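Structural overview for review
Below are the chains, spelled out letter by letter.
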Amino acid sequence: MTTRSSTPSPSPSIGDTETETETTRSERFRTDGFTPVGSLLSDEEVDVYRNIYDRFLSGEIDCGAKRSDLGAGAEGRTATQVSGAQGKAPESITQIMWPSALCPELANLPLHERALNVARELAGDDLVLDFDMLIDKAPHTATPTPWHQDAAYWVDLPDTRAVSIWVALDAATPDNGCMWYLRGSHRAPLRPHRPAGSGGGALECPCSEAEPGAVPVPLAPGEGAAHGGGTLHYSRGNSTERHRRAYILNYRSADMIRLEREQGMDHGLHNNERTVRNTSATR
C-alpha cells in the first residue's frame, strides 16, 4: 500500500496556501471554519507513517476496542472491503482511536509537534493534544463518511475552541474521500445529529454537496487541512483502486481536556461509543 498516486491539484476555490498573501491561515480558519495548512511531512516521512499505519490495518498492532467500522450501518455499503483484524467483520471505513497510545513511537515522530504548532497558530498557545485517530478508506469500499460536526460527538464545554488537523498519507481526491467542508457553518448553531443509516457507525446531520459554501479540499500526501469542532464536513466513499489513509490529530486547551475527562469523555481511550453527547445537537 505504498504506491504513490499523482499529486492532486488544489481546489481553485480554496487557493494556493504556499503563495497567498492577502488572507492568512488563521484568518481563513476564523472566517470559513477550515483551512488548508500545506505540507506537514516530507515524502520520506510519509513512508515512515504509512509503514506504521499498515501495521495497524493488518492487525500486527492490536487495537482492541479502539478499532471499529465508522461505516457500520451505512446504506449501500459493499462487500469488497478491507478485512478487520483477526476474525472481525469486514470494515467499510476503518477507524482506530488513539494510535499514539497503541504505538507510542508515533508521538515522537515529527507530525505531533508540527500539527501542534499549526493548531496553536490557529486557535491559541494553550492548545495541547486531546486525541488522535486513523481513518482508512480501502479500495472500492464506496462508503461515504456522512455530513457531521465533530462537536456533536463531544460533551458541552464552556470553551469550544478545538482544532482537528487532517493529514493525508495518500493523495486525497474527491473520488477516494478527500474532505469537503461547508464554509462558515461553524458560525451557526449545531445541526441536529442522529446515528447514520441503521446505526452503529458514524453520526450524521442534514447537509449536502449542493449546499452553498460546500467545497472539496484535495490534498497531496503529507499535506493537511484544519477545521473546527462546529465546521460541517464529510467525505465521499472510495471508488478507486488505492487506499485513502488519513491521520487526524485534535487539539484543545488543557483546561477543557480536564473537564472532558471529569465527565468521562476520553475519545475512545477507554470508551469508544459513538453517540450524540452535545445537547445543542439533540434538537
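All of the points below concern the structure found in this document.

Calculation criteria
- Residues numbered from 1 in each chain as written.
- Predicted model: local features only at pLDDT ≥ 70, side-chain atom pairs only at ≥ 80, totals over all residues.
- Heavy atoms only, no water.
- Helix = DSSP H or I, 4+ residues; strand = E, 2+ residues; numbered from the N terminus.
- Buried < 20%, exposed > 50% of the residue type's maximum accessible area, 1.4 Å probe, protein only.
- Polar contact = N/O pair within 3.5 Å; in protein donor to acceptor, adjacent residues only side chain to side chain.
- Arc of directions from axis to C-beta.
- Contact = heavy atoms within 4.5 Å.
- Salt bridge = Lys/Arg side-chain N within 4 Å of Asp/Glu carboxyl O.

The phi dihedral of W98 is positive, around 55 degrees, even though this residue is not glycine. In this structure, W98 sits in the loop between β3 (94–97) and α3 (99–102). A positive phi angle, close to 55 degrees, is found at H267, a residue other than glycine. Looking at the secondary structure, you find H267 in the segment after α5 (254–262). Residue class for H267 comes out buried when judged on its relative accessible area of 6%.

A few words on the side chain of R67. Assignment of secondary structure puts R67 in strand β2 (residues 67–69). Overall, R67 belongs to the buried group, its relative accessible area being 6%. Within the structure, R67 has its side chain in polar contact with the backbone oxygen of F56 (distance 2.9 Å).

For the α-helix, the turn length of 3.6 residues means that residues three or four positions removed from each other point alike. All of the buried residues along α5 are M256, I257 and E260. When α5 is viewed along its axis, its buried side chains cluster within an angular range of 105 degrees and face the same direction. In the core, the buried residues of α5 are packed alongside β4 (127–137) and β13 (244–253). Positive backbone phi, at 85 degrees, marks G264, one or two positions downstream of α5.

Okay, the pattern of salt bridges next. Going through the model one piece at a time under the given rule, you end up with 20 salt bridges. Of the charged contacts, one joins E209 and R236 as a salt bridge, the two residues approaching to 2.8 Å between their closest N and O atoms. With E209 in the loop between β9 (203–204) and β10 (214–217) and R236 in the loop between β12 (233–235) and β13, this residue pair connects regions lying 27 residues apart in the sequence. Owing to a relative accessible area of 28%, E209 belongs among the partly exposed residues under this scheme. Take R236: its relative accessible area is 28%, and that puts it in the partly exposed class. The partner of R258 in a salt bridge is E262, with the nearest N and O atoms 3.2 Å apart. Here R258 and its partner E262 are both found in helix α5, four residues apart, which amounts to about one turn of the helix. By relative accessible area, R258 is classed as partly exposed at 43%. By relative accessible area, which is 56% here, E262 ends up exposed.

Note that all results are geometric; they support no functional claim without further evidence.
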